[in-house]
Amino acid sequence: ATNGDLRILGSSKSHGTDPLGPYTATTLDWVSNAMPGTTLYTTFREYEQDAGIIVFEQLFPQELNLKSLNKGSPLLAGTVFPGFSRKTGDRDLPCFAYHGVFPKLESCTVSTYTSSKLGGVPLVIYDDKDEDLPMVVMSPLSSPMAQQMTGENRFFFGAGVKATVEII
């Protein structure tokens, strides 16, 4: 959506239960100027029993040619949802993530986090000034080989489908 090609067609709310418990889901229907029909659905689930858990999901209702849609994009992810601004308020929160062929933890901050073809997840962002140590953990729940963090952009970072995937 950052290049203006995607726009929100509509939204809906639903309720359900999964292994994490009962949830309320908000789904956004996205359309592309380059394709007829709904291009993708993005959903975030909020859990009644634990307000600290949010599950993000991307669903593609029809075949999508990511290779042609992402031509020239420098991002490691061909889709990005969720995406987060690197502006974190009054200070730059610390984080860490695994990187490398033989993964090791590397420290970072929200402004310096980078992804890599062989790592970047789980990404853990925390508040080291809060004695309760609140944190956010970003990691795939399913299809980890297709998931890719993207952190090449200086304005945002996020997760999505690997840019090397040509057709969904």
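The present account deals with the structure reproduced in this document. By convention here, each chain's residues receive numbers from 1 onward along its written sequence. In keeping with the predicted nature of the model, local features appear solely for residues at pLDDT of at least 70, side-chain atom pairs appear and are counted solely at 80 or more, and the whole-chain, interface and lining totals rest on all residues. By convention in this description, side-chain values take in all heavy atoms of the structure and omit both hydrogens and water.

A closer look at the pairing of strand 11 (residues 156–161)
Along any regular strand, the residues point their side chains to alternate faces of the sheet.
Here's step 1: Accessible area is worked out with a 1.4 Å probe on protein chains only. A residue is then buried under 20% of its type maximum, exposed over 50%, and partly exposed in between. Starting at the N terminus, helices and strands are each numbered in turn, a helix being any DSSP run of H or I of at least four residues and a strand any DSSP run of E of at least two. The element strand 11 is extensively covered by neighbouring structure, given that 6 of its 6 residues are classed as buried.
Here's step 2: When DSSP finds two or more bridges between a pair of strands, those strands are recorded as paired. Pairing analysis gives 3 bridges linking strand 5 (residues 83–85) to strand 11, with the strands arranged antiparallel. In the sheet register, Phe84 faces strand 11, and the bridge partner there is Phe157.
Here's step 3: Pairing analysis gives 4 bridges linking strand 10 (residues 147–150) to strand 11, with the strands arranged antiparallel. Bridge pairing in strand 11 links Gln148 to Gly160.
Here's step 4: Connecting the antiparallel pair strand 10 and strand 11 is a turn made up of 5 residues.

Quick word on the nonpolar core
Here's step 1: Here, nonpolar core means buried Ala, Val, Leu, Ile, Met, Phe, Trp, Tyr and Cys residues that are tied together by side-chain atoms lying within 4.5 Å of each other. Listed in full, the 11 residues of the largest apolar core are Cys95, Ala97, Cys108, Val110, Tyr113, Leu123, Ile125, Met138, Met149, Phe157 and Ala159.
Here's step 2: Contributing elements (two or more residues each) for this core: strand 6 (94–99), strand 8 (123–126) and strand 11.
Here's step 3: When neighbours within four sequence positions are excluded, Leu123 is seen to be in contact with Cys95, Phe96, Ala97, Cys108, Tyr113, Val136, Val137, Met138, Met149 and Phe157. Contacts were defined at the residue level, with two residues in contact if any of their heavy atoms lie within 4.5 Å.

Topic: the packing of aromatic side chains
A ring pair, where both rings are aromatic, is described by two values, the distance of the centres and the angle of the planes.
Here's step 1: Each Phe, Tyr or Trp ring, with Trp reduced to its six-membered ring, pairs with another whose centre is within 6.5 Å; inter-plane angles below 30 degrees give stacked pairs, above 60 give edge-to-face pairs, and intermediate values give tilted ones. Summed over the entire model, instances satisfying the criterion amount to 6 aromatic pairs.
Here's step 2: Pairing Phe56 with Phe84 gives two aromatic rings, centres 6.2 Å apart and planes at 80 degrees, and the pair type is edge-to-face. Of this pair, Phe56 sits in strand 4 (residues 54–59) while Phe84 is found in strand 5, placing the two residues 28 residues apart along the sequence.
Here's step 3: Grouped by ring-pair contacts, the aromatic residues Phe56, Phe81, Phe84, Tyr113 and Phe157 constitute a single cluster.

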